[in-house]
Structure formats: C-alpha cells, structure tokens
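# Coordinate inspection notes
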Amino acid sequence: MHIEIQLTREPIPDHWPPPAGARMGAWAEFRGVVRGEENGASIAALEYEAYEPMAEREIRRSLLDLAATWPCLAAQVIHRLGVVAVGATAIYVGVAATHRAEAFALLAGFLNRLKQDVPIWKRRALPEVEPPSPRKIQPALPPEAGSAVTAILQRLRQLCPPLETERVPLHAARGRVLRETVDAPEDQPACDRSAVDGYAVRLDDASGTFQIVDEIRAGDWKPRELHPGQAVRIATGGALPCANLQVVMREAAEVRGPVLRVRQRDAERHIRFRGEAAGKGQPLLQAGTVLSAGALGLLASVGGVRPRVTRLPRALHLATGNEIVAPDQVPAPGQIRDSNSTLVREFLGQWNMAPGQRRLAEDEARLAAELQQLDPALDLLLISGGASVGEHDFTRRLLAGAGFEIHIHKANARPGKPLIVAQRGRTLALGLPGNPLAHFVCLNLYVRTALAHWSGAAQPPGFQTGRLTTDLHSDGQARETFWPARWRQAAGAATLTPLRWSSSGDLTALAEANALLRIAGGTGQLPSGSVVEFWPCQE
Ligand code: AMP
Ligand code: MG
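If you're wondering where the values come from, they're calculated on a predicted model, not measured in any experiment.

This paragraph deals with the site of ligand 1. Around ligand 1 sit 15 residues in total, of which Glu323, Asp338, Asn340, Gly386 and Gly434 are the nearest. Taking Ser339, its main chain carries an N or O atom lying 3.1 Å from a nitrogen atom of ligand 1. At a separation of 3.3 Å, a nitrogen atom of ligand 1 approaches a polar side-chain atom of Asn340. Protein chains shield 79% of the accessible area of ligand 1, which is 490 Å² for the free molecule.

Pairing in this open sheet of six strands is mixed, and the strands run 24-21-25-29-28-26 from one edge to the other. This sheet does not close on itself; its edge strands, each paired only once, are strand 24 (356-360) and strand 26 (405-408). Put simply, the sheet's adjacent strands are angled 20° from each other on average, direction ignored. The sheet contact formed by strand 21 (residues 315-320) and strand 24 spans five bridges and is parallel.

As a further point, take the side chain of Ser341. Along the polypeptide, Ser341 turns up in helix 5 (residues 340-349). Contacts of Ser341, omitting those with residues within four sequence positions, involve His317, Ala319 and Gln357.

What follows is about the confidence of the model for the chain. Scored by pLDDT, the chain has a mean of 92; 95% of the residues are at 70 or more. Long-range and interchain partners of residues 129-144, a stretch whose pLDDT sits below 50, account for 20 contacts in this model, where long-range means more than four residues apart.

So, about unusual backbone geometry. Cis geometry is found at the peptide bond from Gln188 to Pro189, where omega equals -10°. Assignment of secondary structure puts Pro189 in the loop between strand 10 (182-183) and strand 11 (193-194). Omega for the bond connecting Arg414 with Pro415 falls within 30 degrees of zero, at -10°, which places this linkage in the cis form. By the element assignment, Pro415 lies in the loop between strand 27 (413-414) and strand 28 (420-424).

Further remarks concern the packing of aromatic side chains. Evaluated as defined, the whole model comprises six aromatic pairs. A centroid spacing of 5.1 Å and a plane angle of 50° characterise the contact between Trp487 and Phe534, whose relative ring orientation is tilted. Of this pair, Trp487 sits in strand 32 (residues 480-490) while Phe534 sits in strand 36 (residues 531-536), and the two are 47 residues apart along the sequence. The pair Trp487 / Phe534 is uniform in exposure class, with both members buried. Of the aromatic side chains, those joined through ring pairs into one cluster are Phe463, Phe482 and Trp535. A cation over an aromatic ring shows up here: Arg518 above the ring of Phe463, its NZ or CZ 3.9 Å from the ring centre.

Cut-off values and rules
- Residues numbered from 1 in each chain as written.
- Chains lettered and ligands numbered in written order.
- Predicted model: local features only at pLDDT ≥ 70, side-chain atom pairs only at ≥ 80, totals over all residues.
- Heavy atoms only, no water.
- Near = heavy atom within 4 Å.
- Polar contact = N/O pair within 3.5 Å; in protein donor to acceptor, adjacent residues only side chain to side chain.
- Areas by Shrake-Rupley, 256 points an atom, 1.4 Å probe, with all protein chains shown as cover.
- Pairing = 2+ DSSP bridges.
- Helix = DSSP H or I, 4+ residues; strand = E, 2+ residues; numbered from the N terminus.
- Axes fitted to C-alpha atoms, helices over the stretch in contact; angles between N-to-C directions.
- Contact = heavy atoms within 4.5 Å.
- pLDDT = per-residue confidence, 0-100.
- Phe/Tyr/Trp six-rings, centres within 6.5 Å; stacked < 30°, edge-to-face > 60°.
- Buried < 20%, exposed > 50% of the residue type's maximum accessible area, 1.4 Å probe, protein only.
- Lys NZ or Arg CZ within 6 Å of the ring centre and 35° of its normal.

Written out as structure tokens, the structure reads:
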C-alpha cells in the first residue's frame, strides 16, 4: 500500500495528481476548504497547529487500521498548518481502492479518525473584523520582546525526544509509557468457554431431555465429544468439551438426578468463543499508551509482566533565594516559606519522578560550582528563583557560564515572564521565576511538555477549548495571560470557571486550579459563555 503524508505550511494546489504508478481501481478525493464562519462568527482565516511527528504517525496508523477492513491501494494526505485563509484548502485526502464503495468507505472512515485521533487542531479563528469591544480596558499593545508560548513549547518538543526504554515489573509500571506494541500471544480467550452456569448440549440436538454425563468446573480441561441426548454440567468460564455446542442456562433447566429437561432453548449459545476478544497476534496495546490500572490488568492477563516503558527522567531541583526557609520553620521578618520545592516534588511525583532537591542561598560562586559538578546523565535541572533580570537574578548568567546553550531567556506570558530554557549535553535546564503561581504555570506548560515528549506518550498535553461559566475581567495586559481556572466536563463539553488571583505570588487559587485559561494579549473582558482555550493541569 502506497502512503504519502505531508504536513505543510504551503498552499495546497487545486489539482493534486494521484500517485504515479500506484495500482488503483477507484480514486476518491476529499478537499476540506476553510469556511467563512466559525461558531457563528464571521472569520477571515483559521490557524491550524499540530504535533507533527505524532500527527504523521497517527495518520499512517489510521490508514493502516482502516485498510484492514476496506483494502486500500494508495492514500495521499496533505494537511496545511499555520494560518489558512477562508476559501483555501486546509486538507486534501485521496484514496485508491479496487472498488468505488471501498474507496468512499475508507475516505469517510479516515476523516472520522482524523478528527478524533490525530493531534492536529484549530488553534484559533482569526476574526474578519475586530469584534466591537466597548468594555476593553486598554487597546491591544504590541507584544513585548520575548518568546511566544507556542514557540517555547515547540522548542521544548525539539529538545526532548523520547528517552531510552527499560523493562519494569507491573507493580512499578502504572503511569509509565509503554514503548512496544503488545500483541495477543494466543487467541483471547484461548478456547471456547461457557458464559453462564448451565448445561452444554449439542447445537444440533433438539431433544427435550438429556442425560448429564459429566461436570466441568472453571479450571477443568475435559475434552470429549457429546452424543445426541447427552449434556455436561458446566460453570461460568468452564472450557467447553468440544465444538458446535450450546449452553442452556441453569434458569432454563430442570434437573432430576442425572436427567436434564430443558424448558426452553433460546437463540443465544452462551459461549465466549475462542479468539472473539482478540485473535493471536492482534495488537492489544499500542506503543505510546500511558499504562493505567486497566492497561496493566490487560498486560497481566497475557503474561506481559515486564513491559518495556520509557525510563524515568533524572531530575534535580535547586531552590535559590536568601529569603526562603523550610516549610516547617517559622520565617523571620522578611523571610518566606519555600513552597516551590513542595510544588515541584509533588508535580514531578505525578509521573513517578523523585527529583533530588536542594535549597540554596543566592551564592553565585557556590551555585557555579554546583553546575560544574552536575552529573552529565541528569535529564532535567530546575532552578527556582533568580530567573528575571534583576541585579541578583543570576540563573541565566550561571547557566551560560557553565556552558549551557541558552534557547529561551524570556516568555511573552504572565505569570512567568522570567523563564530560561537552556541545554548542555543531555541536560535540559529550566530557570523558573520564584513566584509560586508563575512556578505552577511554568511547571504545567513547559516542564509537562518536556516530560510528555521525553516519555513518548501518544497523546501529549495540548490546548483544548471550552466555555467560560462567568465573565472574566482581564486588564488588557499586552502579554498572553495564563489564568488559573476550574475545569469541569459537563455533558461532553468543557466549562471553565476563572479563579481569583491577585499576583504571580498568589497561591490561593492553587488548591482548586486544574486548568490554565489562555487569554490573548490585549484582552479586556470576556463575557460568560465565551469560547476560550485552556491547558489542562490534571486529566
Ligand atoms: P525571584 O525569581 O528569585 O526573583 O523570586 C521572585 C519571588 O518569588 C520573590 O518574591 C521570592 O521571594 C519568591 N520565591 C522565590 N523562591 C521561592 C520559593 N522557593 N518558594 C516561594 N516563593 C519563592
Ligand atoms: Mg530570588
């Protein structure tokens, strides 16, 4: 089967020739053109974003899956990314099959899968005209110098390819990412089993009464032929003694001694047939799956007791500042408790990571020495505090001095403007602003993205859309704002309640926050019901 996939920022030509030389009977095409309306509003363009390697992989996988049902000879998929104007083609799909009906079924099936499974999404709609906003507090300001969050996330994806793998026992595998496809080692179930407690008789035997000749309990293995007029008592899960049987439920049977009278035979055979759940060799779990309790149960059922998973990243967290004391201490005037170390430890703990942690005073020479001595096998170095450009903010200087390449030194976002992303060898360093709310935002956006891409998870986190449950009063700040919010799923749709926060040092929203609203720079107020983008913090 010939497959061509392109994710492109270039316009898709009006005519795209089917692949030369591919064998085909029918060629069916679909062209998705951007319409002039989105959610009831006139728009000028849509912006598409994708996790590119993963999107390609999912497209390929969907085509291969569908081809198992509707034999496909060739397929071409082109998806445009970035801003696509109204009237232009955003997606082109062409498929070849032997017959027209197969080609159409394949195309329809693929378009459904594309929507559901492929990480390509509409990032935003660009309005045709600026919507009137009399309540805006301030007009949009030009963006400040600094990297847009989208660009930072993109850079992190590039810097964090999937880590090496290891085999771990099932009890250590929850939440880890599977890196191999696990196929059924044998038919599931491996033999025909009774689905009920009852009596097995021949399917072709219409007798009303039977002689009970044996009993099969779960765990027994008693192959035998049944003759007309014979029945075997069998328990739920018991292996049927031969083929072409039916199990009569106990409720439909009357038994006197060794004689069974069947009151009623129904159309149901009450058998879990060999291979009905999955045939031998059929994939049960795909690489990239995050192993849940259910997935681990499935692995256990097929003896997959040491799944191959991504190794855990090695992490070190340094909390800097002369003012911070341990949370169990009473701060002297001017001091504060170190909340970031707890936040970082528990945040990373969600992915089974146990970072090394140290609390250090702002002693540049000491920190420089620490950085020189870092274990080169370290994957993630987090430095809290000292990320901005104030006199005592030295993270950038220290990292550069220790030979780290600085990729990002400021984010065009709030909270969390002082941000450093740097790399030396295999170590990714993030300098995070000390303010706790900024910490929360940076952990969720940047550290989460790095972890997800290192993990090789099939579905890394990304922005989603939902509706506001209340008015949101922003202040027209020029930078993009990440606003703590409470996210709920109601009737299949996401609703978001903005939480109150007074500054990037304000932790009071953090007990409730499970999402960050993404509020575009220059936004004043958003009325209740507005569609907003959000980043889930917990799923
Ligand atoms: P910095 O990024 O070092 O300029 O710190 C910014 C603000 O965050 C200051 O008000 C610090 O006191 C505060 N801060 C720094 N580190 C921590 C920490 N570990 N826990 C709580 N607050 C912190
Ligand atoms: Mg500091």
